[in-house]
Amino acid sequence: MKCFAVVVLVIVAGGAVHADQVQLTPMKDNTLYQDPDGLWSNGAGQHLFAGRTAQVQNSVRRALLAFDVAGAIPPGATINSVTLRLNMSMTISGPQEMTLHRVVSNWGEGASDAFGNEGSGAPAEAGDATWRHTFFDTQFWGGPGGDFVAAPSAMAVVDQFGPYTWGSTSGMVGDVQGWLDNPAANFGWVLIGNEAVSVTAKRFDSRENPVPENRPVLIVDYTPGEVVVTPESFTRVRGLPVSGVLSDLFLSDDLRVVTRPDVFRTSAVPPVQIEVRGQSPIQSPAELLIRVESHASVNNIFQRLMAFNYDTSQYEVLNSRTLPTTDIVTDVIVAANPGRFIEDGTGNMRVLLQYNALAFTIAPIWQARQDQVIWRVRN
Ligand SMILES: [Ca+2]
Ligand SMILES: [Ca+2]
């Protein structure tokens, strides 16, 4: 616990909290054409459909859209608002309520590409979503017509040609936040029209539409977040273990990793050295904070806090201090090029803590004790 004092060393001042916006086109979109055999799709087509056509049978159409939220928004962000814009380009009906529902099964977009106005679809190709299939022709929805949350996330009334927007609603914000936090569960939305009566269908432009400004757009406003990274491992590079396990470093809870010098070492090299490793989910952060909460068993123990610089392949000294005999927090904030402390491709981070006695006469009886070693990575 913070029993003594808090020291903050600011290397370079960080920026204020700010909101960001991204505009995404779908990573995949497709139409479910009602058909008990699931033989029709339009994965590569220029359009999407929802509602009911004038056909006597199998007239229902449902449009699927998914966006790579986690690929565009950094982890830890808070979603503030979400708007979906679709361009409606053909219709046989007047104003219709059209609802967005979160899809709960994964689905595919194959090479099927319908002719003409695309209202009848094309023979499904491998990997296409159909009325029966999530991925034609080997994987299936739990029920025909797709698996989705019954309660809509948003509704809009769609009338004649032009752009229409859904949201922002709390439902859409919740969906996108969920997809950011758990990308494996991001299966997008299904757009459902008025299926209660015939002749309600609307045609929208898909991500394959040749006119870029007519393609679906998801506009997301978010506030960049902060991810706390706890250590994955620690190593006593020098010194002998007294007590402590990895998880003791996670929290400021007075559970500590305790190490003492080897009695027989007398060189000038710090006789206690702890290397702590972690992995950042963000590889190009705006700011990196390294927090070490520690103390020594006696006065006049010197702590050097170093982080491995992957650009120079050397440890860089970020803070040096003498330790009190009760816990003290050392925060190092790196706002200038923090990415040098994060390995490209892996996100690996390494901190080295070195300890030595300023008054040699008290060695080797002392101990170095770490209550917490964590990183905070900010976008
Ligand atoms: Ca498509
Ligand atoms: Ca602890």
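Residues numbered from 1 in each chain as written. Chains lettered and ligands numbered in written order. Predicted model: local features only at pLDDT ≥ 70, side-chain atom pairs only at ≥ 80, totals over all residues. Heavy atoms only, no water.

Engineer: Account for the coordination of the calcium ion (ligand 1), naming residues and giving values.
Structural biologist: Any two of four tetrahedral donors ideally make an angle of 109.5 degrees at the metal, while pairs among six octahedral donors ideally make 90 or 180 degrees. Around the calcium ion (ligand 1), the protein contributes the donor atoms D29 (O), D29 (OD), G43 (O), E109 (OE), E208 (OE) and E208 (OE), at 2.2 to 2.5 Å from the metal centre. Note that the calcium ion (ligand 1) binds six donor atoms; their angles at the metal cover 52 to 170°, and the shape is irregular. Mapped onto the sequence, the residues coordinating the calcium ion (ligand 1) show the spacing D-x13-G-x65-E-x98-E. In this pair, D29 sits in strand β3 (residues 28–33) while E208 sits in the loop between β15 (202–205) and β16 (217–223), placing the two residues 179 residues apart along the sequence. (Donors = N, O, S within 2.8 Å, 3.2 Å for Na, K, Ca; no water. Tetrahedral: all angles 85-135°; square planar, octahedral: opposite > 155°, others 65-115°. Helix = DSSP H or I, 4+ residues; strand = E, 2+ residues; numbered from the N terminus.)

Engineer: I'd like to hear about the confidence of the model for the protein chain, residue by residue, with values.
Structural biologist: Per-chain confidence: the protein chain averages 93 in pLDDT, with 93% of residues scoring 70 or above. Segment residues 2–16: pLDDT under 50, and 38 contacts once partners within four positions in sequence are set aside and those in other chains are kept. (pLDDT = per-residue confidence, 0-100. Contact = heavy atoms within 4.5 Å.)

Engineer: Lay out the side chain of T99 with the relevant residues and their values.
Structural biologist: Mapped onto the secondary structure, T99 falls in strand β8 (residues 96–102). Residue classification places T99 among the buried residues on the basis of a relative accessible area of 17%. In this structure the side chain of T99 is engaged in a polar contact, spanning 2.7 Å, whose partner is the side chain of H101. Aside from chain neighbours lying at most four places away, what touches T99 is P152, A154, M155, V190, L191 and I192. (Buried < 20%, exposed > 50% of the residue type's maximum accessible area, 1.4 Å probe, protein only. Polar contact = N/O pair within 3.5 Å; in protein donor to acceptor, adjacent residues only side chain to side chain.)

Engineer: Any details on helix α2 (residues 170–181)? Residues and values, ideally.
Structural biologist: Three or four residues apart is the spacing at which side chains of an α-helix point the same way, because the helix has 3.6 residues per turn. For α2, built from 12 residues, the straight-helix expectation of 16 Å at 1.5 Å per residue is met to within 8% by its first-to-last C-alpha distance of 16 Å. Taken as a whole, α2 has its buried residues at M172, V173, D175, V176, Q177, W179 and L180. (Expected span 1.5 Å × (residues − 1).)

Engineer: Lay out the coordination of the calcium ion (ligand 2) in plain terms, naming residues and giving numbers.
Structural biologist: The coordination sphere of the calcium ion (ligand 2) contains the protein donors D248 (O), L251 (O), D253 (OD), L255 (O), D371 (O) and D371 (OD), at a distance range of 2.2 to 2.4 Å. Sequence spacing of the donors to the calcium ion (ligand 2): D-x2-L-x1-D-x1-L-x115-D.

Engineer: Give me the lowdown on unusual backbone geometry, citing residues and values where you can.
Structural biologist: Following F136, the chain continues to D137 via a peptide bond in cis, the omega torsion being 0°. Relative to the assigned elements, D137 resides in the loop between β10 (133–135) and β11 (139–140). In this structure, S168 follows G167 across a cis peptide bond, with omega equal to 0°. For N300, which is not a glycine, the phi torsion comes out positive at approximately 70°. For N300, the location among the structural elements is in the loop between β22 (287–296) and β23 (301–309). One non-glycine residue, S313, adopts positive backbone phi at about 55°. Structurally, S313 is set in the loop between β23 and β24 (314–323).

Engineer: So what's going on with the pairing of strand β26 (residues 348–357)? Residues and values would help.
Structural biologist: In terms of burial, β26 is a largely internal element, nine of the 10 residues being buried. The pairing of strand β21 (residues 272–279) with β26 spans eight bridges and is antiparallel. Across the sheet, residue V276 finds its bridge partner in β26, namely V351. Taken together, the seven bridges between β23 and β26 define a ladder with antiparallel strand orientation. By the bridge assignment, F302 is partnered in β26 with N356. (Pairing = 2+ DSSP bridges.)

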